[in-house]
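In case you want the letters, here they are:
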Amino acid sequence: MKTWKHLYPDLCSFKNLYEAARKAQRGKRCRPDVFAFHARLEENLLALQEELATCRWHPGPYREFYVQEAKRRLICAAPFRDRVVHHALCNIIEPLFENVFIYDSYACRKGKGTHAAANRYTAFSRQARYVLKCDIARYFPSICHEVLYAQLSRRIADRDVMWLCERVLRSYGDEGLLWPSGAGIPIGNQTSQFFANVYLNDFDHWMKEELHCRRYIRYVDDFVILHEDKRFLGSLIPRIEERLETIGARLHPRKRTIFPVTEGCDFMGYRIWPDHRRLRPLNGYRFQRKLKKLARGYRAGTISRENARASIMSWAGHAGHADTWGLRRALYAGVSFSGGSAGKDVSCAAGRLLEQQQQEPPLGKPQQEQPRQQEQQQRVPRGGFSGVAQDSRTRVSVFATANAESGASHSCVARPERALRETTGRFPCHAHAHGQIENPAQAVW
């Protein structure tokens, strides 16, 4: 394996530190510590360059807080000055490891990510019958410093760069260790995401090259293996456990299951089937609460129009990679942003998000597998129904509208609490998009 030397001068260069400062401030420009650092940017970068060049840099204290998502996680945030150093280090050493990572490692890499991993799983699920889904228990706290340092040194032969890597690894607490055992890296550092990929790189190659698991996908500590033979997948579990023990990791005892791909796999924030994809139910309920909170803040004048729209667009971008047209339409219609400091109603802005997605790709297939289809037209029966027909790159959506004479409403737009059930997969609300329902009334809850 090729090793690299003489990297430290480039790491300490003013150009690299300036680029690192620009990366570290993205999305955080208005925070007090970020603003204070950039108010005297040149002076701070020159001082930081001097400390790094003379190997006198010392990390500052971490700020700890908890984030409650699927489970409660402890996040350790480094000071902004240290985050600049983390980005500067990753700018130099990440390209050295990029060509040794396997293709199907999708965490924190350019051109990868959760959506690419979900698309890859969809492609594999159409080629196999069963999937083995595993999770590594307490992955970040269990990362052994000595093992990680040895893996880095196989590729980096610059002693000063390795000194900086060790200083970052042992930067938490007065004792210089996260835990007395010499294991663990904080969740929240830029370097922690990169180190997590390096730590399991040998395991990835072992899965692909020795066990010959071609349909293997990993994202940080979650990985899936798809195969035609269920017994083969069952035989892999003890061998995987034995391999992980050599680096101080272990599989979660309750998160290693084998099941048919037709049952759907909870992966990358979605519930994925071979022919369609849904959001996790918790994701829809969480965004419904967040949307109501944004509306209250906007009406009270504590949240600006731009911030509210940015938050909505962020979720819409994630939800748009699943079959969630009806869900999004229902959630947007169920909340009003009337009033606010701007004196305008931005509730229609959320609804226009769907109209702006005129080239939305089919969500059940990865983009590389999307065949061109002829434009489909939805027949609109008499009696108060309206159909929306779009081309093959857009889901066909049918919404029932109330009959003006009867006054009865069957529209999923008017029932957001039922539209959330779309995420559970119990209701075949996607069937009308595949031409399985001729009458739009059958597409209603």
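Here the structure is a predicted model, which means the values were calculated and not measured. (Residues numbered from 1 in each chain as written. Predicted model: local features only at pLDDT ≥ 70, side-chain atom pairs only at ≥ 80, totals over all residues. Heavy atoms only, no water.)

Draft legend 1. Layout of the pattern of salt bridges. Using the criterion set out here, one finds 12 salt bridges in the structure. The partner of R83 in a salt bridge is D33, and the shortest N-O contact between them spans 3.9 Å. Residue R83 is found in helix α5 (residues 80-98), and its partner D33 is found in helix α3 (residues 32-39); the two are separated by 50 residues along the sequence. One salt-bridge network, held together by shared partners, links D104, R120 and K208. (Salt bridge = Lys/Arg side-chain N within 4 Å of Asp/Glu carboxyl O. Helix = DSSP H or I, 4+ residues; strand = E, 2+ residues; numbered from the N terminus.)

Draft legend 2. View of helix α15 (residues 325-333). With 7 of its 9 residues buried, α15 lies for the most part within the structure. Residues W325, G326, L327, R328, A330, L331 and Y332 constitute the buried set of α15. (Buried < 20%, exposed > 50% of the residue type's maximum accessible area, 1.4 Å probe, protein only.)

Draft legend 3. Fine view of the pairing of strand β5 (residues 222-227). Inspection of the sheet shows strand β3 (residues 130-136) paired to β5 by 6 bridges, in the antiparallel sense. Paired with D135 across the two strands is D222, which belongs to β5. Between the end of strand β4 (residues 216-219) and the start of β5, which pair antiparallel, lie 2 residues, with V220 showing a positive phi angle near 55 degrees. (Pairing = 2+ DSSP bridges.)

Draft legend 4. Region of interest: the confidence of the model for the protein. Residues of the protein with pLDDT of at least 70 account for 73%, and the chain-wide mean is 78. The secondary structure element of the protein with the lowest average pLDDT is strand β11 (residues 397-400), at 30, and the one with the highest is β4, at 97. Contacts from residues 340-347, a stretch scored under 50 in pLDDT, to residues over four places away or in other chains number 19 contacts. (pLDDT = per-residue confidence, 0-100. Contact = heavy atoms within 4.5 Å.)

Draft legend 5. Region of interest: the packing of aromatic side chains. Tallied over the entire structure, the rule returns 13 aromatic pairs. Judged by centre distance (5.9 Å) and plane angle (50 degrees), the rings of Y216 and F223 are tilted. Like Y216, the residue F223 is buried in the burial classification. Members of the aromatic cluster, joined through ring pairs, are F97, F101, F194 and F195. Over the face of the ring belonging to Y103 we find K112, whose NZ or CZ atom lies 3.4 Å from the ring centre. Here R277 stacks its cationic end above the ring of Y270, 5.6 Å away from the centre of that ring. (Phe/Tyr/Trp six-rings, centres within 6.5 Å; stacked < 30°, edge-to-face > 60°. Lys NZ or Arg CZ within 6 Å of the ring centre and 35° of its normal.)

Draft legend 6. A look at unusual backbone geometry. One non-glycine residue, H6, lies in positive phi territory at about 55 degrees. Checked against the element boundaries, H6 lands in the segment before α1 (8-11). The phi angle at R138 is positive, at roughly 45 degrees, despite the residue not being glycine. In this fold, R138 is placed in the loop between β3 and α7 (139-142). We classify R138 as exposed; its relative accessible area is 56%.

Draft legend 7. Broad picture of α5. In this model α5 runs 26 Å from its N-terminal to its C-terminal C-alpha over 19 residues, within 8% of the 27 Å that 1.5 Å per residue would give. A large share of α5 lies buried, amounting to 15 of its 19 residues. (Expected span 1.5 Å × (residues − 1).)

Draft legend 8. Focus on the nonpolar core. The biggest cluster of nonpolar side chains holds 70 residues, and the ones touching the most others in it are L52, I225 and I240. Per-element accounting of this core gives the leading share, 10 residues, to α5. Setting aside residues no more than four positions away along its own chain, L52 makes contact with Y8, L11, C12, L17, W57, V85 and L164. Counting 35 residues, the second-largest nonpolar core is a separate cluster that includes A117, A128, F287 and L291. (Core = buried A, V, L, I, M, F, W, Y, C linked by side-chain atoms within 4.5 Å.)

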